[in-house]
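# Structure at a glance
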Amino acid sequence: ICVALADAFSAASIGGKSFGVALSPSASAGRPRRAAASLSSTLRAGGVDVETIPSWDELSRTLLDTAPSAEPEKSLVTLYRDTNGWCPFCERVWLILRAKGIPYDEQLISLQNKPEWYKALVPTTLVPAVLFHGTEGKNERRVVWESSDIIAALDEEFPDAPKMLRDSREYEAA
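What comes next concerns the included structure. What you see is a predicted model, and the numbers here were worked out from it, not measured in a lab. (Residues numbered from 1 in each chain as written. Predicted model: local features only at pLDDT ≥ 70, side-chain atom pairs only at ≥ 80, totals over all residues. Heavy atoms only, no water.)

## Describing the nonpolar core
The test is simple: Residue types Ala, Val, Leu, Ile, Met, Phe, Trp, Tyr and Cys, when buried and joined through side-chain atoms within 4.5 Å, form a set referred to as a nonpolar core. For each residue, the accessible area found with a 1.4 Å probe, counting protein chains only, is set against the maximum for its type, and the residue is called buried under 20%, exposed over 50%, and partly exposed in between. Only runs of H or I of at least four residues qualify as helices and only runs of E of at least two qualify as strands under DSSP, and these elements are numbered from the N terminus. Note on definitions: a residue-residue contact is assigned when non-hydrogen atoms from the two residues lie within 4.5 Å.
Ranked by internal contacts, the top residues of the largest apolar core, which has 15 residues, are Val 77, Leu 97, Val 130, Phe 132, Leu 154 and Phe 158. Of all elements in the fold, only β3 (77-82), α4 (88-100), β5 (129-132) and α6 (147-157) reach the threshold of two or more residues within this core. Among the elements that take part in this core, α6 stands out by supplying four residues, more than any other. When near neighbours in sequence (up to four residues on either side) are disregarded, Val 130 contacts Val 77, Thr 78, Leu 79, Val 93, Arg 142, Val 143, Val 144 and Ile 150. In this structure, Ile 109, Val 122, Val 127 and Ala 129 belong to the second largest nonpolar core, which totals nine residues.

Right, dumping it as structure tokens:
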């Protein structure tokens with residue numbers, strides 16, 4: 001929160017005047033009064049009434065009032081991926097999910113010690129795999145594995161999101 005408040009403060013608009021403030025390195029060198037004086041003089045030079053600068057509490061309340069809802073989006077899919085994050089096929093699917101803006105859960109699977117439930121869920125026992133949760137009120141869950149098949153299924157399942165597979169002759173030739 002402190003970093004966010006500092007960012008909000010450094011690009012604040014007070015009394016209808018916008019200003020940017022670069023805090024002096026002297027603040028980190030143990031000279032906070034000098035930094036405060038430098039800040040005051042910078043603000044006054046910009047025509048800002050220093051007495052009307054909001055307090056940290058006021059800035060905090062403003063930030064919390066304007067922050068997006070803390071309620072997370074309901075995940076639509078679950079991505080099963082490797083625990084080490086080195087699998088390029090898992091990364092490919094992860095990037096597509098992020099690019100499409102699809103809310104997802106992530107389940108890490110140990111490649112050396114795969115759980116029995118995962119072996120039962122995915123016939124190849126390989127990662128990545130994606131579990132589609134289905135529409136609300138219906139149990140239409142399905143699992144897709146192989147990154148290219150997953151990307152095709154994501155394009156099909158979420159047609160309003162940017163299409164990631166190209167099916168033109170030029171694309172095929174490349």
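## Observations concerning the environment of Ser 148
Inspection of the secondary structure assignment puts Ser 148 in helix α6. Taking C-alpha positions, Ser 148 is 8.9 Å from Leu 165, a pair spaced 17 residues apart along the chain. Discounting chain neighbours no more than four positions away, the residues touching Ser 148 are Arg 92 and Leu 165.

## What about α4?
To keep things clear, this is the line we draw: Under the convention used throughout, the expected extent of a helix is 1.5 Å for every residue step, that is, one less than its residue count. This arc describes the spread of directions from the helix axis toward the C-beta atoms.
Taking 1.5 Å of rise per residue, 13 residues should cover 18 Å, and α4 covers 18 Å from first to last C-alpha, within 8% of that figure. Within α4, the full set of buried residues consists of Cys 90, Val 93, Ile 96, Leu 97 and Lys 100. Looking straight down α4, one finds its buried side chains confined to an arc of 125°; they lie on one side. Of the residues in α4, the exposed ones pointing more than 90 degrees away from the buried face are Pro 88 and Arg 98. Of the residues trailing α4, Gly 101 is marked for its positive phi of about 75°.

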